[in-house]
Amino acid sequence: MGGAGGSGSRRGSGDRTGKPAGAGGRAGGGGETELLTIGAFARASRLSPKALRLYDELGLLTPARVDPVTGYRHYALGQLEHARLVAWLRRLGMPLARIRELGGLDGPAAAREIRAWWAGVENDVATRRDMAAFLIDHLSRKDATMTHPERPQAIRYAALTDPGLVRESNQDAAYAGSRLLAVADGFGEGGGQASAAAVDTLKELEEGDLPAGDLLNALDEAVTRTKQAVGDAAASPADGGEEAGTTLTAMLWTGSQLALVHIGDSRAYLLRDGGFFQITHDHTLVRSMVDEGRITEEEAAAHPQRALLARALTRGREDRPDVRLQNVRTGDRYLLCSDGLTSAVPEEQVRDAVAGTGGPQETVAELVALARRSGAPDNVSCVVADVVEGAL
Ligand code: MG
């Protein structure tokens, strides 16, 4: 595809729509190629003359010929296929700048680009769907009278962090309390302070009452404070160091709900009815590449840049965490962990340890032991929490 190159000078605007230009709207093209007037081309391509003028100005669909005197645009029949593709992509909602990038690509390359863009759209919709569900849930509960109080639930929890067998220091932070479960994996110079600052800031949410209705705002404010604290703790690339910051995967317990905050490649898993599910999405470049169909899961696992984060809490970057409400059931077991566990220990082994009969304390110890048996090249952090019946 790709628009035909224009020739002659063009004016920014000035084509009159619906200008009669001979039978069928066809205009002479120097006797070589049959050219269509903008009106005829608009009808044939199902794009409006106004859109055609805009796409010309943006370099997205250049007319085959522009009359140097009148400024009227003329299009070649061979441009119809590309124009119709542009019309379809606009109907899909693809931004103009993105469509322009498709201009010089052949079919398979253009197909890859559309697939990649669409994966991003679906990802964005998934995040917004979670946020919408959160708001719907939050607003429905607001006016609901507690005529059927649920049985009180509580969480039993344990946290363990370990430097591993290779790293000299531990830049991970792990915390479990009666209301907060958190794992953060710092990186770069000052990464250890950054992960500690992230967890410490969230710990403030454990103090005082936290009505379920204010959860979203409380979390949002906590995330803003956390970003500030991480920015203060982490070295900035402008200071001459490498970029520093932290991942953060945290769950806040309100007594009946768990709110999840997540950014980076630490993970949260849920064990429910024997099923073991990852409930967070890795914010890594290789994960995006898998989602976009550029590489396979197998290629991702061996990718040299698999640790590169697409999103993290760092100084100067405006990445925002995913925030979501997780429905809980008595009997649920949650695992939060840094990539030092999941990159060292196969998921089936993690699952078996989490599904074992041990309590949270034994389970975190077993998981860290598994990572150490696998060589523990990275810091390892685990938090395990069980939802049980009973008051706090
Ligand atoms: Mg790590």
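The rules behind the values
Residues numbered from 1 in each chain as written. Predicted model: local features only at pLDDT ≥ 70, side-chain atom pairs only at ≥ 80, totals over all residues. Heavy atoms only, no water. Salt bridge = Lys/Arg side-chain N within 4 Å of Asp/Glu carboxyl O. Helix = DSSP H or I, 4+ residues; strand = E, 2+ residues; numbered from the N terminus. Buried < 20%, exposed > 50% of the residue type's maximum accessible area, 1.4 Å probe, protein only. Contact = heavy atoms within 4.5 Å. 1 Å grid on protein atoms, 1.4 Å probe; cavity = no way out; pocket = protein on both sides within 12 Å on 5 of 7 lines; lining within 4 Å. Points joined across faces, edges and corners; volume = space filled by probe spheres on them. Nonpolar A, V, L, I, M, F, W, Y, C, P; charged D, E, K, R; others polar. Polar contact = N/O pair within 3.5 Å; in protein donor to acceptor, adjacent residues only side chain to side chain.

> Got a minute to help me understand the pattern of salt bridges in this structure?
Pairs can form between side chains of opposite charge once their charged atoms are near each other. In total, this model carries 14 salt bridges according to the counting rule given. Across the pair Glu113 and Arg98 runs a salt bridge whose closest N-O atoms are separated by 3.9 Å. On the criterion of sequence distance, the pair formed by Glu113 in helix H5 (residues 107-143) and Arg98 in helix H4 (residues 96-102) is long-range, its members being 15 residues apart. Glu113 sits in the partly exposed class, given a relative accessible area of 21%. On the accessibility criterion, Arg98 (27% relative accessible area) is partly exposed. Between Arg225 and Glu204 there is a salt bridge whose closest N-O contact spans 3.3 Å. Pair noted here: Arg225 is in helix H7 (residues 215-233) and Glu204 is in the loop between helix H6 (191-203) and H7, with a separation of 21 residues, a long-range link.

> How should helix H2 (residues 49-57) be read in this particular structure?
Given 3.6 residues per turn, any residue in an α-helix points the same way as the ones three and four places further on. All of the buried residues along H2 are Pro49, Ala51, Leu52, Arg53, Tyr55 and Asp56. Tucked into the core, H2 has its buried residues touching helix H1 (38-45), strand S4 (73-76), helix H3 (80-92) and H4.

> Sorry if this is basic, but what is going on with the layout of surface pockets here?
By rolling a water-sized probe across the atoms, one finds the places where empty space is left. For the largest pocket, the calculated volume is near 1,100 Å³. Asp265, Arg306, Ala307, Asp339 and Ser343 are the residues nearest the centre of the largest pocket, which is lined by 40 residues in total. Taken together, the elements giving at least two residues each to the lining of the largest pocket come down to strand S7 (180-187), strand S11 (267-272), helix H8 (285-291), helix H9 (297-301), helix H10 (339-342) and helix H11 (347-354). A class-by-class count of the residues in the lining of the largest pocket yields 15 nonpolar, eleven polar and 14 charged. If you add up the space inside the second largest pocket, you get close to 470 Å³. Only H5, strand S10 (258-263), H8 and strand S14 (322-326) provide two or more residues apiece to the lining of the second largest pocket. With seven residues, the top contributor of residues to the lining of the second largest pocket is H5. For the lining of the second largest pocket, the class distribution of residues is six nonpolar, nine polar and nine charged.

> Help me understand the environment of Ala173 in this model?
Inspection of the secondary structure puts Ala173 in strand S6 (residues 172-176). Taking the C-alpha atoms as reference points, Ala173 and Ser195, separated by 22 residues in sequence, lie 5.7 Å from one another. Other than its neighbours up to four places away in sequence, Ala173 contacts Ala182, Val183, Ala184, Ser195, Ala196, Val199 and Ser381.

> Can you help me understand the side chain of Thr280 in this one?
Among the structural elements, Thr280 can be located in the loop between strand S12 (275-278) and H8. The exposure class of Thr280 is buried, given its relative accessible area of 9%. Within polar-contact distance, the side chain of Thr280 engages the backbone nitrogen of Ala268 at 3.0 Å. Residues in contact with Thr280, not counting those within four places in the same chain, are Thr249, Leu260, His262, Ser266, Arg267 and Ala268.

Function cannot be read off these values alone, since they describe shape.
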